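# Chain and residue survey
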Amino acid sequence: MSRILKLVLINIFMFAMMVNCGLKKPDLHQKLAVQYTGDAKLEVGGPYVGVEFHNSCMIPQRISFFYPVANSIDHSRDYWTRDSSFVAEWYLKIGDNPAVSIGRDASEFELTPYSVVFNHAYRNYSVKTGYRFCKDKPAMVLNITITNESEKTEEFQLDTRLWASIRTCHTFRPIEQAWTDLDSSTIYTHFDDSDADFADVFVANAGDLPTYLNSQIDNLYTPQREDERKGISKDKLEKPVSQFIYQKRLKPGETMNIVQIIGSSKGNESRSLVSYLKNNYRAEITNYEKYVIDKAYTHSIMATGCPKTDHSVAYAKAVMVANAHYLDGEIVPMPCPAEYNFYFTHDVLVTDLAAVNYDLDRVKRDLDYITRHANEENIIPHAYYWKDGKYVTEYASSDNWNNFWFIIVSAAYLRHSNDVQFLSRLYPYLKISMENALKTLEDDNLMWSYRPDWWDIGHNYGPRSYMTILAIKTLRDYIFLSTVLEKNLDRVQDYASLAEDMQSALIEKLWNDDMNYLVNYHNDGSLDEHYYIGSLLAAHYGLLDGEKQNKLVQTATSKMVDKKVGIYNAFPMDFEQWGDFMKFVGNEAGAKYYYFNGGIWPQGNAWYAMALIANGEKETAAEFISNTMSLHGVMEGPNGQPAYYEVRNANKDDLSEYGTVDKPQFLWAGAWYINCLYQLYGVVENDWNIALDPFLEHDQKECDFTLYVDGKPLLVSIEGQGGVIKEICYDDKTIASAVFPESIADIKEVDIQLGKPKHPYLYSTDAILKSCRFNKGRLTLSLKAFPGHSNKTNILSPTTPKRITLDGVGYQNWTVIEHNDYKEIQLNFIHRNADCDLVLEF
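Note that the coordinates shown come from a computational prediction; the quantities given were computed from them, not determined experimentally. (Residues numbered from 1 in each chain as written. Predicted model: local features only at pLDDT ≥ 70, side-chain atom pairs only at ≥ 80, totals over all residues. Heavy atoms only, no water.)

In this section: the sheet that holds strand β25 (residues 343–344). The strand order β25-β26-β27 describes an open sheet built from three strands, whose pairing is antiparallel. Only two strands of the sheet have a single neighbouring strand rather than two, namely β25 and β27 (390–395). Direction of pairing for β25 relative to strand β26 (residues 381–387): antiparallel, over a ladder of two bridges. Across the sheet, residue F344 finds its bridge partner in β26, namely A383. (Pairing = 2+ DSSP bridges. Helix = DSSP H or I, 4+ residues; strand = E, 2+ residues; numbered from the N terminus.)

Here is the structure:
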């Protein structure tokens, strides 16, 4: 019985049991949600609104609106102390007791990437506060529930005051003058400012209704009579507030239920929008949350057998879905739910390195968006955002990593999709990105850059390992794209030679024997003695020999890794001393152990994990990924909290800082985690194809995951024990290749049994695999690259071949490496023509 059939039968059985027993279907929201008690930074949001919280407080520090343009309510005066300001005040008065401030105490909470619910129990009452978001309308819903926990009936009065002044996107300019409209339950605040696109901010009530409304900040008081309303005249603008007072007599156990719909819109839309939302906000919330949950749980599979890993994967997928905002008429991926109201091409592309395994539609949509925002010269955008009354595009200069990542992701998309038509349309942009990227290639065959490593700060031009590594990988991916698309074929051999020359220069000129690491140099020719995470990509992309690769990984382990939190961005952490030399602006590099100056970044953890995998240390990589990159690993670490963060503090000398995070729901963090798991469990992409080198941890029985190949979603299932493949089956048909051919039949699953190989199979090849057959002792490979291409092909087999032919001619340049349970046959040859045939007779 096939594995898919078994899964189908199990699901049918479980559903039947639930029906027969009267059980409900599993609540996927509760399955995804995290319960947490402790100090935490939080960000959650939807397509149109996002909120930021600090210290587990119910009242946020920031509300970000993305429609009609990006504006925010944020009263902080300094980025580093932004936890000290709040967007609102809440006062609760019970009976004759004086009013008390609520909402600013640390509270326990239930968190998902799309919602948060806080709970706090006091002596005689409890407060529950939820923030949820609309799918298709520009609003969020704040639900405040106050319960009388005393033994007597009391008069409860809640006074909520939203400080409604806004700030513009990018320049962060305060707009503190507005006029208002009020009706019986809604305050509309109008900002007649072009930098804010003349936006309205509205707060409407859909639960218990207020007895008092006020928008004049100079008239904050408890009214003497009910149904009193105070607005701001259009002729006399003032600093606005949205104040509501609610009064309700509560018996023991009864509740006051406040539902505030908070949003932003164009002025001529506000009233009709509020009318719609009062009747439909529940459906909007349900539709949004179902959309995210479906993407996290039902559109693709990653089942490892470890509940914490599987939950971390689902949560990461949900982050990748939820971190998307409205921008100029479209919903596009964004770094954070509330901070960074900009589209960053880099963040989207590195996220798609994970998504390309299981969500091709997303990757295609992103690549299309990038090209649609290129300029007339086909230069792709670096960033896109609203600023000072207009949309602004920053384009990728020659000294910009986006040129590399754009080509790398496009090549990965082609390998997984075989979508030649779409890539042909992208090719003019890819060509310009390749040409622009090489403009900082100097005569030493190294890439020079103004910035150290992957950073976007600093200004000191010199040869860089990170940029050279990416350039080599990009050249080879561009060769693959050109070969498949049959474009620019007259340049392919030149680019291949250049990549080889650059790889030689990387090793000869940037490998430092004293440091046992790939290094950088300053403009004056002096050595930059820092260790940077970007150098680890050389191991991941296979640019070093085995000895140097191992030294690189072991050096990073000894110099840069803190096993509890991850790998330092750079070491030593002394960039506060290099401000003038590197031309940093102020303290932008950060304090020691933080931000660029030795902080922990998710891509650094990923690159280290990938280097471990490349170095054959998969068990170590698995432990590192689990401890430092998974949601549960972060929660269980120093100052842990639920977070896929942008940066983490590595200051082990101060336990109050050690392990704390900033920007706790960051797009690429979840993506790098998923990317690492795909590679850990055996998805291997070289420059030409996708292959499987499966792995199970020592106590792991099986692993199942969705993998797109040739545009088809396959279920890959791994079982057994051992370091190599015993047998591979496509829908129960035995296959003699761990490398996927460029075109596959309409199959549904790939079953892999680990163990001693039953027969020879193709382990790897530096070419496109057109076909592979094993029949009557003959393994026949049909390969494609370009004339003059240097190919290394490996075969694993229980026996040694008797004869090998290449294009019909006897071939002698092969070696056999003996392993305990199998033999590894290594072949190195040059393609005389684009296509070649390799036959091994056993």
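Moving on, we come to the confidence of the model for the chain. Mean pLDDT over the chain works out to 94, with 96% of the residues at or above the 70 mark. pLDDT under 50 marks residues 4–23. Its contacts with residues more than four places away, or in other chains, come to 10 contacts. (pLDDT = per-residue confidence, 0-100. Contact = heavy atoms within 4.5 Å.)

Now for the packing of helix α9 (residues 465–485) against helix α10 (residues 489–510). It is the contact of α9 with α10, at a shortest axis distance of 9 Å, that shows an interaxial angle of 160°. The pairing of α9 with α10 is recorded here as roughly antiparallel in orientation. The hand of the α9/α10 crossing is left-handed. Where α9 abuts α10, its residues S465, T468, I469, A471, I472, L475, R476, Y478, I479, S482 and T483 lie against L489, V492, Y495, A496, L498, A499, E500, M502, Q503, L506 and L510. Among the residues making up the contact of α9 with α10, the classes are represented as 15 nonpolar, five polar and two charged. (Axes fitted to C-alpha atoms, helices over the stretch in contact; angles between N-to-C directions. Parallel < 35°, antiparallel > 145°, perpendicular 65-115°, else oblique. Left-handed = near helix turned anticlockwise from the far one by under 90°. Nonpolar A, V, L, I, M, F, W, Y, C, P; charged D, E, K, R; others polar.)

The next point concerns the packing of aromatic side chains. Within this structure, the stated rule accounts for 52 aromatic pairs. Arranged with centres 6.3 Å apart and planes meeting at 45°, the rings of Y532 and F575 form a pair that is tilted. Placement of Y532 in strand β34 (residues 531–532) and of F575 in the loop between β37 (570–571) and α13 (579–582) is noted, with a sequence separation of 43 residues between them. Each of the two residues, Y532 as well as F575, counts as buried. An aromatic cluster is built from W454, W455, Y532, F575, F584, Y594, Y595, F596 and W601, whose rings are joined through pairwise contacts. When the ring centre of Y276 is taken as origin, the NZ or CZ atom of K137, which lies over that ring, is 5.0 Å away. We note K317 situated over the ring of Y358; from NZ or CZ to the ring centre the distance is 4.7 Å. (Phe/Tyr/Trp six-rings, centres within 6.5 Å; stacked < 30°, edge-to-face > 60°. Buried < 20%, exposed > 50% of the residue type's maximum accessible area, 1.4 Å probe, protein only. Lys NZ or Arg CZ within 6 Å of the ring centre and 35° of its normal.)

In this structure, the amide linkage connecting Y67 to the following residue, P68, adopts the cis form with an omega of 0°. Mapped onto the elements, P68 comes out in the loop between β4 (62–65) and β5 (71–74). Of note, the bond from F571 into P572 is cis; its omega dihedral lies within 30 degrees of zero at 0°. At N55, a position not held by glycine, the phi torsion is positive, near 60°.

Below, the discussion takes up the nonpolar core. If you look at the biggest cluster of nonpolar residues, it comprises 255 residues, and the most contacted ones within it are W405, W607, F705 and V750. Top element by residues in this core is α9. It accounts for 13 residues. If you look at the next biggest cluster of nonpolar residues, it comprises 13 residues, including C134, Y188, V259 and L273. (Core = buried A, V, L, I, M, F, W, Y, C linked by side-chain atoms within 4.5 Å.)

A word on the sheet that holds strand β50 (residues 790–797). Here we have four strands laid out as an open sheet, ordered β47-β50-β54-β53, and antiparallel in their pairing. The strands lining the two open edges of the sheet, one partner per strand, are β47 (761–765) and β53 (814–818). Put simply, the sheet's adjacent strands are angled 20° from each other on average, direction ignored. Sheet analysis places β47 next to β50, joined by four bridges and oriented antiparallel. Within β50, the residue paired with T765 across the bridge is T793.

Next up on the list: the side chain of T304. Summarising the element assignment, T304 is placed in the loop between β22 (302–303) and α4 (307–322). Under the relative-accessibility criterion, T304 is labelled buried at 4%. One polar contact links the side chain of T304 to the main-chain amide nitrogen of C306, over a distance of 3.2 Å. (Polar contact = N/O pair within 3.5 Å; in protein donor to acceptor, adjacent residues only side chain to side chain.)

Bridging between strand β49 (residues 778–784) and strand β55 (residues 835–841) involves seven bridges; their strand directions are antiparallel. Bridged to T780 within β55 is V839. Sheet topology note: the strand β51 (residues 803–806)/β55 ladder contains four bridges and is antiparallel. The residue bridging L806 from the neighbouring strand is L838, located in β55.

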